[in-house]
Amino acid sequence: EPERMVRFLEVLGLRRVLESERGGYAAFEGAAGSVAVHSVEGADSAVADGVTSLNVLVADVDAAAAALREAGLDADAWDEAYGRQGAVRTPRGAAGLNEATPADLYGYRAVVGGDAPLTDVIAVWYSDDFARDAAFFAHLGFTPEGSLDDPWWCALWGADGAGGIGLHTPDPASVETPVDASGWLEHPALVRLGFETREPLDALVARLRDAGYDSARLTADEAGPKVVLTDPDGQYLEIHPRA
């Protein structure tokens, strides 16, 4: 039921920018980064309900794939019904390469207007080697914010509003089995969805709870305050303050 997640992202404060005229798909922008909701029914890849796969927006899919191959990485590009698509191999499978501003929307509908978002989209990437994974994501234009020596977390930020990839010490319950190189294109690289916001956290909790998201609560740990809740897909979410 993608409509439940679409409503949640709107309550969270992201801005809808693209939708399917038939339903089942919507794309949202944050202050930085973006997230798309896609119905499992009719999906091309074998993904489960509620999971999040990593995709990177690029200006030109073919040029990006060629540059990644030149850097020694496995990358590919191909035609689909809605334009050129691509992927690059990660230790967990395929991270998608999507056109940031396609000339043809291929039946999708642009949504114009809406308030400027205060919240950034973070793809949480469980990592047992921050330096190795930071070097990989540097090929996709992401650079560290802060030290790679932190044992728990390091944020990598893309240019021009590309959003963040958060390197996180592995949670034993979330570590994925590495994907064999021969089948990497068939397995989307999965991440956990997270957010950072410039909105006061207590105001965000109040709005979420008023909208019926009763699991939303303000808490704190050694890293500072955060909002935690379960999203409509049953996934645990954290929303941290963004300076």
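Every chain is numbered independently, its residues counted from 1 as its sequence is written. Totals for whole chains, interfaces and linings use every residue, but because this is a predicted model, local features are given only for residues with pLDDT of at least 70 and side-chain atom pairs only at 80 or more, for both listing and counting. Each side-chain value is worked out from all heavy atoms of the structure, with water and hydrogens disregarded.

### Remarks on the nonpolar core
Condition: Nonpolar cores are built from buried Ala, Val, Leu, Ile, Met, Phe, Trp, Tyr and Cys residues. Side-chain atoms within 4.5 Å join them into one set. Relative accessible area decides the class of each residue, using a 1.4 Å probe on protein chains only: under 20% of the type maximum gives buried, over 50% gives exposed, and in between gives partly exposed. Going along the chain from the N terminus, every DSSP run of H or I of four or more residues is numbered as a helix, and every run of E of two or more is numbered as a strand.
Formed by 27 residues in total, the largest nonpolar core has its most connected members in Val88, Trp125, Phe137, Leu140, Leu156, Ile165 and Leu167. When residues of this core are traced back to their parent elements, those giving at least two are β5 (55-58), α2 (61-70), β6 (75-80), β8 (93-99), β10 (119-126), α3 (130-138), β12 (153-158) and β13 (164-168). Listed in part, the 25 residues of the second largest apolar core include Phe195, Val205, Ala211 and Tyr213.

### Some points on the environment of Glu145
Counted only if it meets this: Note on contacts: a residue pair qualifies if any of its non-hydrogen atoms lie within 4.5 Å across the two residues. For the purposes of these results, a polar contact is taken to be a pair of N or O atoms within 3.5 Å, where, inside protein, one atom must be able to donate a hydrogen and its partner to accept one; residues adjacent in sequence count only when each atom of the pair is a side-chain atom.
For Glu145, the position within the fold is in strand β11 (residues 142-145). Once the C-alpha coordinates of Glu145 and Ala155 are considered, the two residues, ten residues apart in sequence, prove to be 5.5 Å apart. Every residue in contact with Glu145, bar those within four places of it in the chain, is listed here: Cys154, Ala155, Trp157 and Arg242. Among the polar contacts made by the side chain of Glu145, one reaches the side chain of Arg242 at a distance of 3.2 Å.

### A few points about helix α4 (residues 201-210)
Rules: This arc is taken over the directions from the axis of the helix to the C-beta atoms.
Of all the positions in α4, only Leu201, Leu204, Val205 and Leu208 are classed as buried. Looking straight down α4, one finds that the buried residues subtend no more than 100° of arc, so they occupy a single side. Of the exposed residues in α4, those oriented more than 90 degrees away from the buried face are Asp202 and Asp210. The inward-facing, buried residues of α4 abut α1 (2-12), β14 (190-197), β15 (217-221), β16 (224-230) and β17 (236-241). Trailing α4 by a residue or two, Gly212 shows a phi angle of about 100°, which is positive.

### Quick word on the side chain of Glu199
With respect to the element layout, Glu199 can be found in the loop between β14 and α4. There is a polar contact of 2.4 Å between the side chain of Glu199 and the side chain of Arg207. Residues within four places of Glu199 in sequence aside, it is in contact with Leu118, Leu204 and Arg207.

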